[in-house]
Amino acid sequence: MARALAAGALAALLGVLAVPTRADVPAPLPEQLGSTTPTAATLGAFFSDGRGTLDTFCAARRDCRPAAEKAALYTLFFRGSFAQPSGDSLPKEAPDRAYAAQAAAYFTQADYACRRPLTARVLETLWQLPPASVQCPAAVPFVIDGEDGSRRVQTVAPARVAAVHLLFAGRDDRAFSLSRFGHTGLRLVVCNAARTETGAACDEDLFDHLAFGFRAAVDELELSWWKGITGGYALRLYGGPFMQAYGNYTQDEFRALSSLPLQLEPAQRELLVRGLAEVQWSYVNDYHFFSQNCASEIAWLLQVVSQVSGDRRAWLAGDFVRPDRLYARALAAPAFEGRVLADLKQAERDGFHFPGAAPYYQRALDTLLQRATAAGVALPARDFNAFRTLDAESRRRLYAAILAADVEAGSLPTRERAAHAALVLEAWRERRQRRQLWSGMARFYAELTRALVTETDYFDAAERALLRRCLSAAQAAQPLAVDGVPSEPTVAESGCPYKAADFQAALAKLLQVAAPGELQQEQVAALQATVDIVNWLLPQTGLATPATPAFTATAAPLLPSTADQMGN
């Protein structure tokens with residue numbers, strides 16, 4: 001669809017759009033739009049009437065949609081704050097201003113339907129115009145966050161997305177958790193680049209899949225419950241590798257993860273993927289734990305896409321503020337393939353259900369228990385939750401006693417199998433301790449870094465830039481508020497390169513000012529003890545691959561007094 005406005009009357013513009021001309025439309029259009037070239041300003045002034053302009057292009061039609069239907073879509077979509085053509089965000093209390101700005105941009109920006117695919121489709125649905133006929137890039141960019149705070153831009157071609165699933169993580173039973181009712185998101189089943197065809201086989205490409213979800217953009221070192229409840233944080237869409245989400249939920253938090261496919265036509269799937277990119281780059285709302293959260297925003301997005309894609313099915317009708325209730329409704333909704341989760345054992349085999357990993361770690365502990373019982377070794381904890389509280393020295397003595405026992409007869413687990421079981425338990429502990437350590441270090445040093453990052457006499461320019469980058473990575477806010485999907489994403493890859501020598505050198509300088517706190521020293525010592533146990537267990541398993549002490553190279557600068565003991 002041509003977007004540049006030819007000099008002349010609005011009638012010429014409407015002729016290009018293949019909609020009724022001014023003479024055919026009795027709507028009260030401003031006179032100046034018929035005699036001069038409409039500009040963003042004049043169009044914005046006209047559309048500032050908000051709901052009053054929704055019948056602009058269909059007032060003379062017999063098939064004009066009921067005003068109540070259009071008003072409902074208008075209210076639903078313009079409920080948050082989309083970044084405006086200027087790049088500035090408007091408060092969510094100004095839906096009419098947002099509508100006017102986007103409506104004007106629709107007619108004055110040639111690439112509008114590519115940068116604003118979802119907003120364009122909403123406007124076209126409100127006005128009953130056909131979809132814009134434009135050739136958009138084959139792929140759209142997403143911002144993907146890594147576990148270490150890194151951030152990168154990854155392009156995804158909608159044609160390479162075989163399916164979109166509703167992702168639900170079960171409740172988190174930890175004390176003071178904000179996930180007492182679970183968490184909802186979306187899973188993009190992205191096909192591996194080596195595949196020549198998209199389809200069900202792409203379900204196997206787990207490391208190519210992406211997971212997206214709305215959450216609070218916490219730009220502070222400590223989460224404030226009060227802000228989470230009262231709306232003190234921005235609500236944005238975040239994305240990451242699916243396997244990262246799988247590890248975080250099932251292994252770290254022992255929460256089950258269910259993946260519920262949406263039944264979508266190719267055009268609907270493309271609109272949802274492109275719309276997801278627009279939402280991530282330009283949408284922001286206020287986070288309210290009890291009313292505006294991951295569930296309400298996922299429901300909002302799916303409701304909008306379903307209405308503007310021409311689907312008569314209600315994907316998710318109603319308002320949702322609890323993720324578990326949204327998931328329960330989706331299981332029974334015709335637009336979702338709830339049958340794939342009817343049998344959870346089969347769903348696990350098919351890749352639609354991923355149970356929490358606690359039973360697997362309990363099974364590893366049971367393996368040790370069998371050998372310990374036969375050898376007369378007292379196991380201080382038979383339950384995995386209790387076993388997690390044992391200190392490193394107790395665990396190492398226990399493993400040594402069990403593996404040294406000569407009890408190879410009968411159906412008992414072999415010595416090698418017991419060593420594998422112990423290694424599974426220690427690998428889980430190492431992963432958890434590593435994450436806790438870096439999270440704690442980030443909080444401990446962030447305020448100090450903030451104070452010293454501008455100190456020109458202490459740090460050189462390169463060190464200051466690196467510390468600013470690490471400080472930004474420690475603060476989880478995602479600085480996105482741009483005008484739609486960018487054709488050339490400008491968000492640079494970020495994160496703290498804690499394995500790099502220049503970071504270690506800058507951190508060493510920082511340590512000259514303030515040594516790690518007692519908690520951080522305890523975390524470093526505990527993680528080092530776990531790594532030592534892993535290195536000791538590996539030869540016991542018969543594995544040929546030697547240990548890779550990645551921790552020692554990165555944690556050594558944290559405690560200079562123990563660096564020699566940690567090695568490389």
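What you are looking at is a predicted structure, and each value in this text was computed from that prediction instead of being measured.

## Comments concerning the confidence of the model for the protein
At step 1: Mean pLDDT over the protein: 78, with 73% of residues reaching 70 or higher.
At step 2: Segment residues 546-568 is flagged for pLDDT under 50; beyond a separation of four residues in sequence, or across chains, it makes 40 contacts in the model.

## A closer look at helix H2 (residues 40-47)
At step 1: Turning to H2, its buried residues are Leu43, Gly44, Phe46 and Phe47. Looking straight down H2, one finds that the buried residues subtend no more than 160° of arc, so they occupy a single side. Facing away from the buried side of H2 by over 90 degrees, the exposed positions are Ala41 and Ala45.
At step 2: At its buried positions, H2 is contacted by helix H4 (95-108) and helix H6 (117-127).

## Details of the nonpolar core
At step 1: If you look at the biggest cluster of nonpolar residues, it comprises 81 residues, and the most contacted ones within it are Trp127, Phe142, Leu188 and Phe336.
At step 2: Considering every element that reaches this core, the biggest residue donor is helix H10 (residues 294-308), with nine residues.
At step 3: The next biggest cluster of nonpolar side chains, apart from the first, holds 29 residues, and it includes Ala364, Leu390, Leu403 and Ala419.

## Regarding the environment of Gly356
At step 1: When you line up the elements, Gly356 lands in the loop between strand S10 (353-354) and helix H13 (358-375).
At step 2: Residues Gly356 and Leu257 lie 99 residues apart in sequence; the distance between their C-alpha atoms is 7.4 Å.

## A word on the packing of aromatic side chains
The description of an aromatic ring pair uses the distance of the two centres, along with the angle that the planes make with each other.
At step 1: Following the criterion strictly, the structure yields 25 aromatic pairs and no others.
At step 2: Between Phe254 and Phe384 the ring centres are 5.7 Å apart and the planes differ by 65°, which places this aromatic pair in the edge-to-face class. Linking Phe254 in the loop between helix H8 (242-252) and strand S8 (257-261) with Phe384 in helix H14 (residues 384-387), this pair joins segments that are 130 residues apart in sequence.
At step 3: Its end group placed over the ring of Tyr238, Arg215 keeps NZ or CZ at 3.6 Å from the ring centre.

## With respect to the packing of H4 against H6
At step 1: Their axes nearest at 10 Å, the elements H4 and H6 cross at an angle of 95°. When the axes of H4 and H6 are compared, the pair comes out roughly perpendicular. Contacts between H4 and H6 pair Tyr99, Gln102, Ala103, Tyr106 and Phe107 from the former with Thr119, Ala120, Leu123, Glu124, Leu126 and Trp127 from the latter.
At step 2: Its residues assigned to classes, the contact of H4 with H6 shows eight nonpolar, two polar and one charged.

## Points about the layout of surface pockets
At step 1: One number sums up the size of the second largest pocket: a volume of about 420 Å³.
At step 2: Considering the residues around the second largest pocket, the lining is formed by 18 residues, among which Pro117, Ala132, Glu270, Leu271 and Arg274 are closest to the centre.
At step 3: Going through the elements one at a time, H6 and helix H9 (266-282) are the ones with two or more residues in the lining of the second largest pocket.
At step 4: Sorting elements by how many residues they give to the lining of the second largest pocket places H9 first, with five residues.
At step 5: Of the residues in the lining of the second largest pocket, the class split is eleven nonpolar, three polar and four charged.

Rules behind the numbers
- Numbering of residues begins from 1 in every chain and follows the order in which that chain's sequence is written.
- Local features are withheld for residues below a pLDDT of 70 in this predicted model, meaning they are given only at 70 or higher, and side-chain atom pairs are given and counted only at 80 or more; totals for whole chains, interfaces and linings count all residues.
- Working from all heavy atoms in the structure, the side-chain values ignore hydrogens and water.
- A score between 0 and 100, pLDDT records how confident the predictor is in each residue.
- Any two residues whose heavy atoms approach within 4.5 Å at even a single point are treated as in contact.
- Here the term buried applies to any residue with accessible area under 20% of the maximum for its type, exposed to any over 50%, and partly exposed to those in between, with areas from a 1.4 Å probe on protein chains only.
- Counting from the N terminus, the helices are the DSSP runs of H or I reaching at least four residues and the strands are the DSSP runs of E reaching at least two.
- Starting at the helix axis, one direction is taken to each C-beta atom, and the arc is that of these directions.
- Think of a nonpolar core as a cluster: buried Ala, Val, Leu, Ile, Met, Phe, Trp, Tyr and Cys residues, connected wherever their side-chain atoms sit within 4.5 Å.
- For Phe, Tyr and Trp, rings pair up if their centres lie within 6.5 Å, where Trp contributes its six-membered ring, and each pair is then called stacked (planes under 30 degrees apart), edge-to-face (over 60) or tilted (otherwise).
- A ring is considered to have a charge above it if a Lys NZ or an Arg CZ atom is located within 6 Å of its centre and within 35 degrees of its normal.
- What counts as an axis is a line fitted to C-alpha atoms, over the stretch in contact for a helix, and the angles between N-to-C directions run from 0 to 180 degrees.
- When describing relative orientation, an angle under 35 degrees is termed roughly parallel and one over 145 degrees roughly antiparallel, while 65 to 115 degrees is termed roughly perpendicular and anything else oblique.
- All residues other than Ala, Val, Leu, Ile, Met, Phe, Trp, Tyr, Cys, Pro, Asp, Glu, Lys and Arg, Gly among them, are scored as polar; the first ten of these are nonpolar and the last four charged.
- Cavities and pockets were defined on a 1 Å grid built over protein atoms only: a cavity is a set of grid points that admits a 1.4 Å probe from which the probe cannot escape, a pocket is an open set flanked by protein on both sides within 12 Å along at least five of seven lines, and lining residues are those with an atom within 4 Å of any such point.
- Grid points are joined across faces, edges and corners, and a volume is the space filled by probe spheres set on the points.

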